[in-house]
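Overview (structure and organization)
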Amino acid sequence: MIRYLWISVLVIALDQASKVAAARYLIRHAEITLLPFLNLTLTYNTGAAFGFLHDAPGWQNLFFIAVALTASVFIFLWLRRLPANDRLTAIGLSLILGGAIGNLVDRLIHGYVIDFIDVVFGSWHFWTFNVADSTITLGGVLLFFDGLRAIKGSS
């Protein structure tokens, strides 16, 4: 199922291109409204998802680099062992792998992850995220539904 790695490469390219554009054209913490529920807001995330460990004194970057490297190797090995007919799992894993590497590149280059997508509902803001975060989430959703399908098929 290595043939699905093109998805990971595409995710990395789109993620990095969007982050370069965000860093170049957006002003940090200044909101640009695209839709009533969607802003572009440049932020630098030194933590993980949902701001986890964002206020740690700096060790977290090495920790998250190690986690991303370990997860990437694990996912790659999992992809290599998948049966040829397990397409949904392969697509989900490829999306997660591309997102993990996209954010890993940021941590290695900058020491933080560039986020810029800001979803808003009234006065409530979701945590700012990026293309890599989106593909990790989408890949997780695909794996979840694939798991449900497997459970339903085994009953």
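Look up a bit, the structure's there.
Residues numbered from 1 in each chain as written. Predicted model: local features only at pLDDT ≥ 70, side-chain atom pairs only at ≥ 80, totals over all residues. Heavy atoms only, no water.

**Comments concerning the nonpolar core**
Counting 13 residues, the largest nonpolar core has Ile 75 and Leu 79 as its most contacted members. Listed by contribution, the elements that provide at least two residues to this core are helix H1 (5-25), helix H2 (59-81) and helix H3 (87-110). Ranked by residues supplied to this core, first place goes to H3 with five residues. Residues Ala 22, Ile 114, Phe 116 and Ile 117 belong to the second largest nonpolar core, which totals nine residues. (Core = buried A, V, L, I, M, F, W, Y, C linked by side-chain atoms within 4.5 Å. Buried < 20%, exposed > 50% of the residue type's maximum accessible area, 1.4 Å probe, protein only. Helix = DSSP H or I, 4+ residues; strand = E, 2+ residues; numbered from the N terminus.)

**Describing the side chain of Asp 106**
Relative to the assigned elements, Asp 106 resides in helix H3. A distance of 3.0 Å separates polar atoms of two side chains, one belonging to Asp 106 and the other to Lys 19. At a separation of 2.9 Å, a polar atom in the side chain of Asp 106 contacts the main-chain amide nitrogen of Ile 114. Once residues within four sequence positions are removed from consideration, Asp 106 is found in contact with Gln 16, Lys 19, Gly 111, Tyr 112, Val 113 and Ile 114. (Polar contact = N/O pair within 3.5 Å; in protein donor to acceptor, adjacent residues only side chain to side chain. Contact = heavy atoms within 4.5 Å.)

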